[in-house]
Amino acid sequence: MADLEVGYWVDPKKVWTEIHASTEQRRGMMTDFKDRIRGYEGPGRHQDMADYDPENHAFEWISLVLPQILARSPQVKVGSKRPQVRDWDALALELALNRWCRDTDYQRHLERIGVYWSFFAGVSLATIERYGGVEGSKRRPRLVVLDPEQFGMDSLARWPEGARFMYHECVEDRDALLTRARKDSGWDIKAIERMALATDDDGLGRPKAPVNRSEVRYIEMWVPELNDADDNTHHGKLLTIAMAGGQPGSPMFIREPRQFYGPAWGPYTLFHSYTVPR
């Protein structure tokens, strides 16, 4: 990899500029997102018949089609074309995966993805969670459904496969983040203490309410070209960046870059219907 490529992604100002451009592009694509949801809910919820549209396509999809798609989904069937793979090995993996689908309520996640899909696009994040016991000594993969307003990708990419980065926005209580950062390595405690508080104006895609939880907002970004691993299990690196408080604020990394353990296409999966040029 060229030194220029590496240097570009270690500059927090340049990374934040990329995130800002992607966010503005996404907002432009989602200009009618809230209007679609309002039409899906119907005039009874808002007591307003002015924009009533009897052709509620989103409601038809969610109430009629989506339940049929998920009626027996997900189900995993494992086999192999390799003769050296024994039948009981494949069966054991099949049983384990189907059990994992039930334990993590995978069907419910797919249902939520289908709902978002009917309005814009569905996005999921694959991550690793601790489970079992007081300390959570065991680990397993977990699917997280992202609100479309949480997700962004390279604003110059023609296709998702060609994106030089993808990211999602996180909101967390500052005290909870500090507690977690003190237990795990790689976090910058002083940078977390300087982070600006999250506000509804950040476009978090959440319902608004007059509460103050002392939350902070940060970005987790996957950059595939930052790949110095020599194995087939790590692909690219994850960057964690946030905006410092004060006037004017400045972007800063709040965690050391770390290798992404997962598939070559990254931690995100996009669910969409039709290909649109550019």
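Described below are features of the structure shown in this document. (Residues numbered from 1 in each chain as written. Predicted model: local features only at pLDDT ≥ 70, side-chain atom pairs only at ≥ 80, totals over all residues. Heavy atoms only, no water.)

## Some points on the layout of surface pockets
Note the threshold: Cavities and pockets are defined on a 1 Å grid built over the protein atoms alone: a cavity is a set of grid points where a 1.4 Å probe fits but cannot escape, while a pocket is an open set with protein on both sides within 12 Å along at least five of seven lines, and lining residues are those with an atom within 4 Å of any such point. Grid points are joined across faces, edges and corners, and a volume is the space filled by probe spheres set on the points. Runs of H or I in DSSP of at least four residues are treated as helices and runs of E of at least two as strands, each being numbered from the N terminus. Gly falls in the polar group here, along with every residue not listed as nonpolar (Ala, Val, Leu, Ile, Met, Phe, Trp, Tyr, Cys, Pro) or charged (Asp, Glu, Lys, Arg).
Computed from the structure, the second largest pocket encloses a volume of approximately 1000 Å³. Taken together, 30 residues line the second largest pocket, and the ones lying closest to its centre are Met29, Phe120, Ala121, His272 and Val276. At the level of secondary structure, the elements contributing two or more residues to the lining of the second largest pocket comprise helix H2 (12–29) and strand S3 (151–153). Of all the elements, H2 adds the most residues to the lining of the second largest pocket, at 4 residues. Looking at the lining of the second largest pocket, its residues break down into 17 nonpolar, 8 polar and 5 charged.

## Remarks on the nonpolar core
Rules: Here the nonpolar core consists of buried residues drawn from Ala, Val, Leu, Ile, Met, Phe, Trp, Tyr and Cys, with membership extended through side-chain atoms lying within 4.5 Å. For every residue, the accessible area (1.4 Å probe, protein chains only) is compared with the maximum for its type, and the residue is labelled buried under 20%, exposed over 50%, or partly exposed between those bounds. Contacts are residue-level and defined by heavy atoms, with any inter-residue pair within 4.5 Å sufficient.
Judged by nonpolar contacts, the single largest core of 14 residues is most densely connected at Leu177, Trp187, Ile192, Met195, Tyr218, Met252 and Ile254. The element contributing the most residues to this core is helix H8 (residues 174–183), with 3 residues. With sequence-adjacent residues up to four places away left out, Trp187 is seen in contact with Leu177, Arg180, Ala181, Ile192, Thr240, Ile254 and Arg255.

## Details of a nonpolar patch on the surface
Threshold: Patches draw on residues past 30% relative accessible area with no salt bridge. Two like charges within 9 Å are joined, as are two nonpolar side chains (Val, Leu, Ile, Met, Phe, Trp, Tyr) within 5 Å. The protein chains shown are the only cover counted for residues, whose accessible areas, like all others here, come from Shrake-Rupley with a 1.4 Å probe. Whenever a carboxyl oxygen of Asp or Glu lies within 4 Å of a side-chain nitrogen of Lys or Arg, that contact is scored as a salt bridge.
On the surface, Leu64, Val65 and Ile69 cluster together into a nonpolar patch covering about 250 Å² of accessible area. Relative to the helices and strands, Ile69 resides in helix H5 (residues 57–69).

## A closer look at the packing of aromatic side chains
Quick reminder of the rule: Each Phe, Tyr or Trp ring (for Trp, its six-membered ring) is paired with any other whose centre lies within 6.5 Å, and the angle between the two planes then decides the class: stacked below 30 degrees, edge-to-face above 60, tilted in between.
In total, this model carries 11 aromatic pairs according to the counting rule given. Summarising the aromatic geometry, the rings of Tyr8 and Trp9 are spaced 5.0 Å apart at their centres and angled 85° between planes, so their arrangement reads as edge-to-face. Here the aromatic rings of Trp222 and Phe260 are separated by 6.2 Å at their centres, their planes lie at 65°, and the arrangement is edge-to-face. In this pair, Trp222 sits in strand S5 (residues 215–223) while Phe260 sits in strand S7 (residues 251–261), placing the two residues 38 residues apart along the sequence. Side by side, Trp222 and Phe260 carry an identical accessibility label, which is buried. Taken together, the ring pairs connect Tyr8, Trp9, Phe165 and Tyr167 into an aromatic cluster.

## Brief notes about the pattern of salt bridges
Applying the stated criterion to the full structure yields 13 salt bridges. Arg108 serves as the salt-bridge partner of Glu111, at 2.4 Å between the closest nitrogen and oxygen. Within this pair, Glu111 and its partner Arg108 are both found in helix H7 (residues 106–117), separated by 3 residues, close to a single helical turn. With relative accessibility at 33%, the residue Arg108 sits in the partly exposed group. Of the charged contacts, one joins Arg140 and Glu129 as a salt bridge, the two residues approaching to 2.6 Å between their closest N and O atoms.

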